[in-house]
Amino acid sequence: MAQGRERDEGPHSAGGASLSVRWVQGFPKQNVHFVNDNTICYPCGNYVIFINIETKKKTVLQCSNGIVGVMATNIRCEVVAFSDRKLKPLIYIYSFPGLTRRTKLKGNILLDYTLLSFSYCGTYLASYSSLPEFELALWNWESSIILCRKSQPGMDVNQMSFNPMNWRQLCLSSPSTVSVWTIERSNQEHCFRARSVKLPLEDGSFFNETDVVFPQSLPKDLIYGPVLPLSSIAGLVGEEAETFRPKDDLYPLLHPTMHCWTPTSDLYIGCEEGHLLMINGNTLQVTVLNKIEEESPLEDRRNFISPVTLVYQKEGVLASGIDGFVYSFIIKDRSYMIEDFLEIERPVEHMAFSPNYTMLLIQTDKTLTHSGEICVWWLEDCACVSKIYLNTLAMVLACCPSSLSAAVGTEDGSVYFISVYDKESPQVVHKAFLSESSVQHVVYDQQGIFLLVGTSEGKVFIINANSSSSFQIIGFTEVAKDILQISTVSLLETDIVKVMVLSSLPEAGRSRLEMFTLPTLLPQVSTTFADERGRLKDEIIHKYLYELEHALSSAVLGFQSNQIYGFCSQVPYICSYLLPEEEHTGIYILKPYKKVQSRQYGPGLLYLSSHGLWLITIAKCGILCIRDVYTLETFAWCRSHSHQGHGIQSMRISMDGQNILVNGRDDGTLVYLKWKYVQYSKQKASTDLSQDELVLTDVKKEIPWIQQKSQEAIKKEVNLFSKKRKEIKQGIKSLSKTILNMMEENDKLENIAKLDQQEFGLDLEELERLHDESQEEVAKIIKDVEMHNLAKSYLAELIKEECWNSMAVKGQALKCFHIPCVVENFPMKARTVEELKELERVLQQKKIEAECLKLRKEIVEAQSGVKLIKQRHEEDDEEEEEEDKTVKYSNLPNYLLGSLSTDFGVDTSLLSSQLELHSREEKINQIILLKDIIYKVKTVFNNEFDAAYKQKEFEIARVKERNVRIREIILDLELEEAVWQPEFEDCEKPERMLVVQDEEITAHKHIKPWHKAKELMVNHEKEHWLLIQDASTRLRALMDMMGGVLEVKKEDILRMVIPQPAFMAKPDAVWTEEERKQFKDYEKKVKELNEERDKYRKSLEAELKKLQNSIQESTQAFDEHLKRLFERRVKAEMVTNQEELKISNLAFSLLLDEELSSREKFLNNYLTRKQHEKSQTSEAVRKSREDLDVYKEHYDNLLAEDKVMDRSFKKEFSEIPGHQVDILYKLFKRRPRISKQKTHSETTSVVPFGELPGSGKLNKDAFAQLMKAMDELDNISNMPEGLDPLVWNHFCMTRRAKVENEQKVKQKAADLLEMATFLQKRVEEEEKVQQEIERVFHELILLQEEKVRFQLNLTIQILLKQGQVELENFQLVLEYSDAILINKNIIEDLNSVIRTQGQKKVASMMESKDVHKRILQIEWEHKKMEMEREDLNQKAWDIQMLFFSRDRQKYLNEPNYEALISIQIGIMEQTIAVLDKTHKKNVENCKKLLKKLGKFSNQKDIANYALSCNLREELVAVSERKDICNAMESRFCHVGQAGLELLSSSDPPTSANQTAGITGSKLTCEKIVKERYENMMQQQKLTNISKQQAEQISILQTEVERLRMKTFPALVPM
């Protein structure tokens, strides 16, 4: 019932009400400005905040189009200008203190204004925008017009200011440039003139830059051609060539940070490097001020000062850096001294003096969030009552609805409870350290029973909000980590608190809702609801999970507890969801019950009012909407923030719903909204802003509550299960001893009976896990190795493809057998198709040129009669052979050819002579042919190399063949000699480098198990075969007795041994005769065997020597051949270098030609730009001169009127006596004295700029003051005695008119002088541009001469013989008795002098050659001039004899003939235009008549069609009647004659009707034909008229063309 009553009262109470901004609190993100002597202002979010420094009164001005952009103030006029941040932004001008809008400025800027600046006098405002326009504009903000604008693409400016002493000067500075812009004015025309300041280098020195466009200090090279600027060498021909600098010529310059003006119109520039510059405002001369070091210098950390802000004061400037100090720079002449002025805790961002220079405003970058400052504010007037510092980063804050306390969540995971019973001194009464993760959400329920704290790790802590319980931590529950919002419902009618936690599921694109219930008696029975670790039991708190099919950015729980309201994050909808009544398990999917489209865009947040009837929505768009909770319709809204500042971050509404606080996300603005009809007032308590900071420090290291609960639970578990733990530990120890004994016994067993170590592991799951981890690690290492090998293989494949596969001829080398000589071939790539096509084109072109040359010779010889007729009848084959011979043997000598390529049999007949290469195409063709010659020379040598390579292969094969026999002989002779076997090395067979041999691999090869089994099987089979072989007795006997052979060869004679008889083992005395005979036979056989053995040994030695000699001879012969090939290689390389040198010379000449062309193009483009600039300056001069003449005429007229008024004074007062006229004339000449307001001496001494110069507004004020003084002179008390008052009134009016006219004359004179100055500057600019054009013409002439000289001076290559100078015998000196020993340096100095003189002689010869060529050129020009003189004499004679008609005489006599002809042409054109207009009018009338006749014809056609239809019906009726009559006639045929008479009497009427119908139709057709005929005749008549008019127009055009041609003289030969 209570809710129903609130529902009935809620809308009624809010009906007709709206939200308004009461106050705004925020910190400045831009510079703070002075509006007057006592008021400052700064932009903050959507508002401009004004603060009176004396009264602390705050005023707010809201921008209607979102966030405030840049801002500027005009102190004299007390106006504020600021821009908005919307697309195509506007500039608003508001007056202060009324805050009424003066005007709105609309320009062409697309994105944003970055700088605004008012002039110190006058009504001028400068604006600057960056991307994409980079436009500087000057406004007259009173009239809302742009006076002038200029775009500087790519120029980003960070500071802009007017000169306080001269509004015509404007300084723009950036971190890299400083430029001074001058505003020039001529009457109502304004224009910008920019000049850049040349900054010094980083060390403070100056760099002398050379002129890039017209360099004067370039060296002259008489051998390699002209030396051109670097821009031409780079090939630049556009505007970028004017500012081109190579990378080596770029030096780092100083980087300006801030600037300020001085009363002498100079500039002080602070630089990032610590330098202070002074720039003259007129000449822009830069002076680096010297720093005077004191005896006691500043601290080391402040030795280097980089000014961030600069403010001018008398005798110097105030500067600040990032070190938190303000320094005073005392400047005297060209040096300055630094003194400490003020020490501030934080870096200074901005400083500004008040207009009267009595206050200094210092703005720092200090932020309060990181210091943990908690403030207590009055809602009524935004006054800070008190503050307290937590000294830690505060994240969230919530106020308790049941007590005067607040809870603050910090980044370190703590919650501070602050008591606000004493508003002037808040205190921290309790601190709860919940966890180590930061606190993200702090929420009280509606009754203030519980405090719910959400952390970043996904835990929600429930704390007793009653201070009497010392803020007991009841427990926590775990939810998803990404908590978006916590919502509670706690009503008086129920004894439970429902909590809903919203979290996001970004992977699934959904949102999750987790709801649980907390009974109000939970603080009393908290131990039963939570376990030992403090985790609340889900089944007791009734925790349920819900998911939504779409993502929500915010959700709140309705007071009915069965409905949820959600703000969609992806689509602009606000949805409501009904909760299921029955209980469920798992996740329940909620469907939208009601969906309302929201005009707010971006992710938003939802809040419920305290009575639950209002749903408040905030979003990124910056709009706050209050909706009815049942209909979800908006009944109140307010745009407190902007989407440029990323909208609203949070919102709080009071318990009564009357006060709303809105906090911005990125604009740092806190806005207080209030219902307009509410009358709300409170007494303001006394405040003390100088309260001391409360520093909270805790020496002991605190442990989070959740860790304390975990430790307590662990202690309880340890105490409970201590006996069981001891038993388990003892069992584990005994089990480990048993396993160790088993492992020791296992080690003593044989290998076949041993168990693996892993089989003794008891934790099989852990073993399996370790095995899996090791397998994963091995797989990862294998994969990494494979990828590394793959990368290496890919790189090797690329290298192989580039250096081996792509080579048509692989690089190889040949080495000699006996001497250290190596010959390499030429590696060559195959020529591409494009190269072959280009070569074919050049060859075809050369052949065509040769044929053309031959035909020309034949034609010349045929004309001269030298050529014989018989040559025409020779056979074609003989002609071709002769042509080939002539072509082949028409080559130049080698010393003129420049190379020895003919020694390799290469045809050089198609090469052009080096003395004929003038054009670019000839040089390119020559390069192509030279490359072809190089290719052919290399090919010839490579063929010779291949032949030598094959010869070496043959020699090695032959040596191998002979070495087989040599090894046999050495084996037979049992010699210990090594056989020399030559082999190809890797450089000779480079393809072997691409194949990896097995012996090169150092790593052990991994053999798979089945490979091992296969090797074991092969070894087993081999052993089995050997056993079988041992069993063969026959083979064993053969091996033992006869060496395995059945026949003794001759080669085995050296190894043959005659066996001794068996009796030789006995003594000689016991031998028998038979045994003695056998012994003699044995000795004879041994002797014969030794003889045969010696003979055979000698033959083998002779054969061995012969084979070795033959190998030596053949290899030495190959070495000699290879030495000759080496010489050939040197010669081929020499030829290649010669041809490449020629190519390099030609390429250099082509490059120089391109540089000359680039220079010429650049000069032509530069000339075009200068000519265009000349036309613009000429137009500006013409326009300025015309404006000056018109204005001067007005000035002369006004001056004449002033003189007339002075002269006609006595005539106007001629009726009064003369003495009164004299008195009135003296009064007429009298002018009032205007007293200037004297400023106080103190102010004059403090303010450095003093009185600013006058402007238009000041002139208006002075004129108004003069008129006010004239009112005093016009008083009746100043009237002379005896004068009529009517005459006095007339006199006063006349004098006032005279004064006004004098003021106009003065103003006109000043404007006239300004216009004359403007014209003089434009004339000077025009003269300067004209000088530039003349200079470009001169440079072009010199360049063309250089180009011609370069094309004629060719660089040729000549071969010279090199050698030594041989002396005769009698010139040798053998005795040196009369010689003296001198230093070698003397001879070297003489040689250097001789070389210098030789170079000078060569240079003089070059100069003499140029002089000789110049003489020839002058002679040729002299002949040319003589011929031109003859032509001119002939033309003069022709002109004298020329016939002049009257038109020509008129052309010569008429001074302004062209004007006369133009007038005649204009008259003719006007006549033609009139005729054309008349013709068009007649044509239009004819068209209208034809249209009218067409309508009339259509009407007649319709009438005819109707008549035809009626006629057809009548004919049908007649035919029916006729049929009826015929039927009646056939029926009554027996009647007889009476019937016939009756029938005859009845026929005529029928035929009469038919006759009448036919006659009517004929008349209608005739009428239609007649009308058509008349229309055709009229159309033909109109056609004839139009043809006649067209003929007349052509005649008139012919006449006009004839008159126009009269203006051009025609020289008709006599």
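Our structure is the block above this text.
Residues numbered from 1 in each chain as written. Predicted model: local features only at pLDDT ≥ 70, side-chain atom pairs only at ≥ 80, totals over all residues. Heavy atoms only, no water.

Trainee: Report on the overall build of the chain, specifying residues and quantitative values.
Mentor: Looking only at helices and strands, the chain has 23 helices and 58 strands in total. For the chain, the proportion of its 1614 residues judged to be buried stands at 34%. Within the chain, contacts between residues at least 6 apart in sequence are counted, and of these 56% link residues at least 24 apart. In the structure as shown, the chain presents an accessible area of about 102000 Å², 55% of it carried by carbon and sulfur atoms. (Helix = DSSP H or I, 4+ residues; strand = E, 2+ residues; numbered from the N terminus. Buried < 20%, exposed > 50% of the residue type's maximum accessible area, 1.4 Å probe, protein only. Contact = heavy atoms within 4.5 Å. Areas by Shrake-Rupley, 256 points an atom, 1.4 Å probe, with all protein chains shown as cover.)

Trainee: Can you break down the packing of aromatic side chains residue by residue, with the values?
Mentor: A complete count under the given rule lists 25 aromatic pairs for this structure. Their ring planes at 90° and their centres at 6.1 Å tell us that Phe118 and Trp141 sit as a pair that is edge-to-face. A residue pair is termed long-range when its members are at least 10 positions apart, and Phe118 in strand β10 (residues 113–118) and Trp141 in the loop between β12 (135–140) and β13 (145–151) qualify at 23 residues. The burial state of Phe118 is the same as that of Trp141; both residues are buried. Considering the side-chain rings of Trp1288 and Phe1291, the 5.3 Å spacing of their centres and the 35° angle between planes classify their relative orientation as tilted. Here Trp1288 pairs with Phe1291, and both are found in helix α19 (residues 1285–1352), just 3 residues apart, close to one helical turn. (Phe/Tyr/Trp six-rings, centres within 6.5 Å; stacked < 30°, edge-to-face > 60°.)

Trainee: Account for the side chain of Lys1170, naming residues and giving values.
Mentor: Turning to its location among the elements, Lys1170 is positioned in helix α14 (residues 1073–1207). With a relative accessible area of 14%, Lys1170 lands in the buried category.

Trainee: Summarise a positive patch on the surface; cite the residues concerned and give the values.
Mentor: The grouping of Lys88, Arg101, Lys104 and Lys106 at the surface amounts to a positive patch. As for its placement among the helices and strands, Arg101 is situated in strand β9 (residues 101–106). (Patch = residues over 30% accessible without salt bridge, like charges linked within 9 Å, V, L, I, M, F, W, Y side chains within 5 Å. Salt bridge = Lys/Arg side-chain N within 4 Å of Asp/Glu carboxyl O. Lys, Arg positive; Asp, Glu negative; His and termini not counted. Charge placed at Lys NZ, Arg CZ, Asp CG, Glu CD.)

Trainee: Mind laying out the nonpolar core, listing which residues take part and the relevant values?
Mentor: Counting residues in hydrophobic clusters, the biggest one holds 36 residues, and the most contacted among them are Val937, Phe941, Leu1122 and Leu1125. Mapped by element, the contributors of at least two residues to this core are α8 (833–864), α11 (920–973) and α14. Counting residues per element, this core draws most heavily on α11, at 12 residues. Counting residues in each nonpolar core, the second largest holds 33 residues, with Leu548, Leu557, Phe559 and Val596 among its members. (Core = buried A, V, L, I, M, F, W, Y, C linked by side-chain atoms within 4.5 Å.)

Trainee: An account of the environment of Pro28 is requested, with residue identities and associated values reported.
Mentor: Mapped onto the elements, Pro28 comes out in the loop between β1 (19–26) and β2 (33–34). Between the alpha carbons of Pro28 and Asp365 there is a distance of 9.3 Å; along the sequence they are 337 residues apart. Aside from chain neighbours lying at most four places away, what touches Pro28 is Tyr42, Pro43 and Gln363.

Trainee: Help me get a handle on the sheet that holds strand β17 (residues 189–196), residues and values and all.
Mentor: Read across the open sheet, the 4 strands follow the order β14-β15-β16-β17; overall the sheet is antiparallel. Single-partner strands in this sheet number two, and they are β14 (159–163) and β17. Across the sheet, the mean angle from the axis of one strand to that of its neighbour is 25°, orientation sign disregarded. Here β14 runs beside strand β15 (residues 166–173); their pairing, made up of 5 bridges, is antiparallel. The residue bridging Met160 from the neighbouring strand is Leu172, located in β15. Relative to the sheet, α19 contacts β15, β16 (178–186) and β17, its axis offset from that of β16 by approximately 125°. (Pairing = 2+ DSSP bridges. Axes fitted to C-alpha atoms, helices over the stretch in contact; angles between N-to-C directions.)

Trainee: Can you explain the packing of α11 against α14? Please cite residues and give values.
Mentor: Packed helices, taken two at a time, are described by the angle their axes make and the gap between the axes. Orientation of α11 relative to α14, taken along the N-to-C sense of each, is 165°, at an axis distance of 9 Å. In this view, α11 runs roughly antiparallel relative to α14, as classed from their interaxial angle. Read as a crossing pair, α11 and α14 show a hand that is left-handed. A class-by-class count of the residues in the contact of α11 with α14 yields 28 nonpolar, 10 polar and 21 charged. (Parallel < 35°, antiparallel > 145°, perpendicular 65-115°, else oblique. Left-handed = near helix turned anticlockwise from the far one by under 90°. Nonpolar A, V, L, I, M, F, W, Y, C, P; charged D, E, K, R; others polar.)

These figures capture arrangement, not role.
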